[in-house]
Protein chains: 2
Amino acid sequence: MHTEIIAIGSELLTPYRQDTNSLWLTEKLLSLGIPVIRKTVVGDSRVDIRSAFEEALERAELVIGIGGLGPTQDDITREVVADLLQRPLEENAEILARIEERFRARGRRMPEVNKRQALVPRGAVALDNDNGTAPGLWLEETNKVVLLLPGPPQELMPMFEQHCLGPLRERAPRNILQTRVFKVVGMPESEVEEKIAPLYSRYSNPATTILASPGEVQIHLQASGERRERVEHLLNELGDQMEALLGDNIFSRGPETLEQVVGMYLLMRGATLAVAESCTGGLIARRLTDVPGSSRYFLGGVICYSNAVKEKLAGAPPKLLKQKGPVSEEVTAALARGIRRHARARLGLAVTCIAGPEGGLPLKPVGTTFIALADDHREHVVKYRFLGDRERVRWQASQAALDFVRRRLMK
Amino acid sequence: MHTEIIAIGSELLTPYRQDTNSLWLTEKLLSLGIPVIRKTVVGDSRVDIRSAFEEALERAELVIGIGGLGPTQDDITREVVADLLQRPLEENAEILARIEERFRARGRRMPEVNKRQALVPRGAVALDNDNGTAPGLWLEETNKVVLLLPGPPQELMPMFEQHCLGPLRERAPRNILQTRVFKVVGMPESEVEEKIAPLYSRYSNPATTILASPGEVQIHLQASGERRERVEHLLNELGDQMEALLGDNIFSRGPETLEQVVGMYLLMRGATLAVAESCTGGLIARRLTDVPGSSRYFLGGVICYSNAVKEKLAGAPPKLLKQKGPVSEEVTAALARGIRRHARARLGLAVTCIAGPEGGLPLKPVGTTFIALADDHREHVVKYRFLGDRERVRWQASQAALDFVRRRLMK
């Protein structure tokens, strides 16, 4: 069931906005075994929208249009597609009533322009929109489906899940598609590749994709087949061997981020954590507190850019700072001890680094990073040298620091 | 000069990767007065790549293909486009030598597969790649230009700037396109719209686009005309009136972010800043330290999730915490005072809020936020109620806090 996605909106052709709905839709469609073969972005132009749908319908069995269903003059997807499929637009009393009701509930009268949203191409099924005024539309042509969805993600997502996933699953090919993901930290891409290439290159099904970003490598396996058991068997066979090769470097087998995994370990161990960050400047704390409920294990921390803050708030001895410099093994260890004591946490984590672009030294070039973790016995310190610009160095330092906590808690 | 961009690569049709090159290219093209009318993403499939170029060439005068120029079997853009334009591929000795030299400089032999990258369609101009092996290609057809660029941004960007911007500027229409941007903080989108709609709706040139994201509204003006002076006059005429209406709510007229603007004001005033964050958990510090050189004015701060940290590191009196609760006007003011004193900063900024999803109270529902700023005289506190999920609340709180500092320093 070949599928194309057409995102409609002139703002998506500017440097400022991007179609992100298609990523979400692609994931949902893949879960049904339906691959996307083309994505197109066109502006609010009659001629461009028409040609995009016309061409897509020649190639694909499912064409999903996103956007252009609003009430204003710019929003012409409904009209253009109805015209292309030669279906007259008919006012749907039920939809009109629902839109009017939506406005009434907010104490407002429905503006005249919203009437257009109650127009439905003959034979189309309107899809309820619980989060906005624009209904979606499901149109059947010979052996083809055209689906029109509203552009705002908070309207599109629930509509697709409630009204489209089920019917599409029934039409989806017998061919089952299943994916598995391994997220790896602490190994560069080249090392991961070297380790697993001899293994995965023996398999064409599952297919293996390696995606690298700073400080993290993701391995995606995708298997297909006619029977679910067979597909799962294929995934297990390759997946188990991969797990054996990568071991503890795998921090997640699902959607969990590294900060979520660290949080789960802290909860599981009944431990608390506090951080002292210099170069990462709050990035580690921000990532830890992105997780709802993180206040149960994350007590807080200190961003110690200046030496005064390092001394006063994170307990780094002034003499040590002078002797060893703020980015050093000894000061980082002292910061981990200090923040642990000050915050009364079970674990104290500290990171110092030279993030750049300035501040590099002959023996401590830009990218030099120290990470220390203190518990009630002692502190462990590791040293790294990360490459890349300021943002990249900071991100990699935060990955390595969170991973340091994870590995400590796994033991 | 109508332009289409075709991004090539099967990974761009997965849920995990997105074409971002086209955003950058769109900005460069707009600066030449060249609008993009369609963007297409296709996988590494001969048939799909061919039809994408074929259709684009029927509509556009400039077609830019991105990706698929690498050395492996998947990379077929070069071959498919040469075939479509009926031009034989010829090995270019100069390019081959350059690729071989690139490998030699790294102490490696050129793998046989890289030879393909030295193939050039007859009549095409090869564009040097200083950051990779794949040269770009510039092909002229009757009244049309086809441009093939490598996919990695660090290769594409310098190549386009060095070898394409100039020649395209010469071919660009006499019509000049210029943009102006106003970034607004402290006003919701509806209020901005209400204020400026009566003004901008009187102008079709410049065209006005309003883009809203949490805590920030951007207004983009785009004017066109045959003479630069005229275009600038149009932008000034509308822009000046808009500035008068929006006043200090405009924090930037260019690419600067709010944290950069705050940093510039701090530098200009010779002031230093320290922060105490609870709910934002390091987000404000992270944003401030994203800016290179921020150590000149940002001293550090405290992430005070637990009450112990609020007391010990940010000087909040235990009695006050008990009486008023950690999210209160009084405690936030005490935190601003405390962090200012502890970090020896000129300004102390504190934020407390209930970010959710849990923790809401009858009188302090989720989204309730206090922001305090302390100087050597006293502290000012403001209260907000932000709507949305955890991430949205936190982001809006960080925007409002940074804006609070900006407005204080503007005086």
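Remember, predicted model here, so these are calculated numbers, not experimental data.

Scoring rules and cut-offs
Residues numbered from 1 in each chain as written. Chains lettered and ligands numbered in written order. Predicted model: local features only at pLDDT ≥ 70, side-chain atom pairs only at ≥ 80, totals over all residues. Contact = placed C-beta atoms within 7 Å. Helix = DSSP H or I, 4+ residues; strand = E, 2+ residues; numbered from the N terminus. Nonpolar A, V, L, I, M, F, W, Y, C, P; charged D, E, K, R; others polar. Pairing = 2+ DSSP bridges. Domains from an automatic or database assignment. Axes fitted to C-alpha atoms, helices over the stretch in contact; angles between N-to-C directions. Least-squares fit on C-alpha atoms with pLDDT ≥ 70 in both.

Draft legend 1. A look at the interface of chain A and chain B. Each side of the interface is counted separately: chain A has 49 residues, and chain B has 50 residues. Of all elements in the fold, only helix H1 (21–31), strand E2 (36–42), helix H2 (46–59), strand E10 (207–213), helix H9 (283–289), strand E14 (298–304), helix H10 (307–314) and helix H12 (329–343) of chain A reach the threshold of two or more residues within the side of chain A that touches chain B. Looking at the side of chain A that touches chain B, its residues break down into 24 nonpolar, 14 polar and 11 charged. Here E14(A) runs beside strand E14 (residues 298–304) of chain B; their pairing, made up of 5 bridges, is antiparallel. Bridge pairing in E14(B) places Val302(A) opposite Val302(B).

Draft legend 2. Fine view of the domain arrangement of chain A. Domain parsing of chain A yields domain 1 (3–171), domain 2 (176–252) and domain 3 (258–410). When each unit is reduced to the centre of its C-alpha atoms, the spacing between domain 1 of chain A and domain 3 of chain A is 48 Å.

Draft legend 3. Summary view of the sheet that holds strand E9 (residues 176–184) of chain A. Residues and elements named next belong to chain A. As summarised here, the arrangement of the 4 strands in space is E10-E11-E9-E12, forming an open sheet in which the pairing is antiparallel. The open sheet has two edge strands, E10 and strand E12 (250–252), and neither has a second partner. Neighbour-to-neighbour, the strand axes of this sheet turn through a mean angle of 35°, independent of strand direction. Bridge count between E10 and strand E11 (residues 216–225): 7 bridges; the pairing is antiparallel. Looking at the pairing, Ser 213 lines up with Glu 216 of E11. Along the sheet, helix H6 (residues 189–200) makes contact with E9, E10 and E11, crossing E10 at roughly 175°.

Draft legend 4. Seen up close, the relation of the copies chain A and chain B. Between chain A and chain B, the superposition needs a rotation of 180° and an axial shift of 0.2 Å, giving an RMSD of 0.2 Å. The transformation relating the two chain copies, once decomposed into turn and shift, fits a two-fold axis. When the interface residues of chain A are mapped onto chain B, 100% of them are again interface residues, pointing to one common binding face.

Draft legend 5. Main features of the sheet that holds E2(A). Taken together, 12 strands build an open sheet; the order of strands is E6(A)-E7(A)-E8(A)-E3(A)-E1(A)-E2(A)-E2(B)-E1(B)-E3(B)-E8(B)-E7(B)-E6(B) and the sheet is mixed. Looking at the sheet topology across the chains shown, the edges are occupied by strand E6 (125–127) of chain A together with strand E6 (125–127) of chain B. On average, each strand axis in the sheet is tilted by 15° relative to the strand beside it, whichever way the strands run. With 5 bridges joining them, strand E3 (residues 62–66) of chain B and strand E8 (residues 144–149) of chain B adopt parallel strand pairing.

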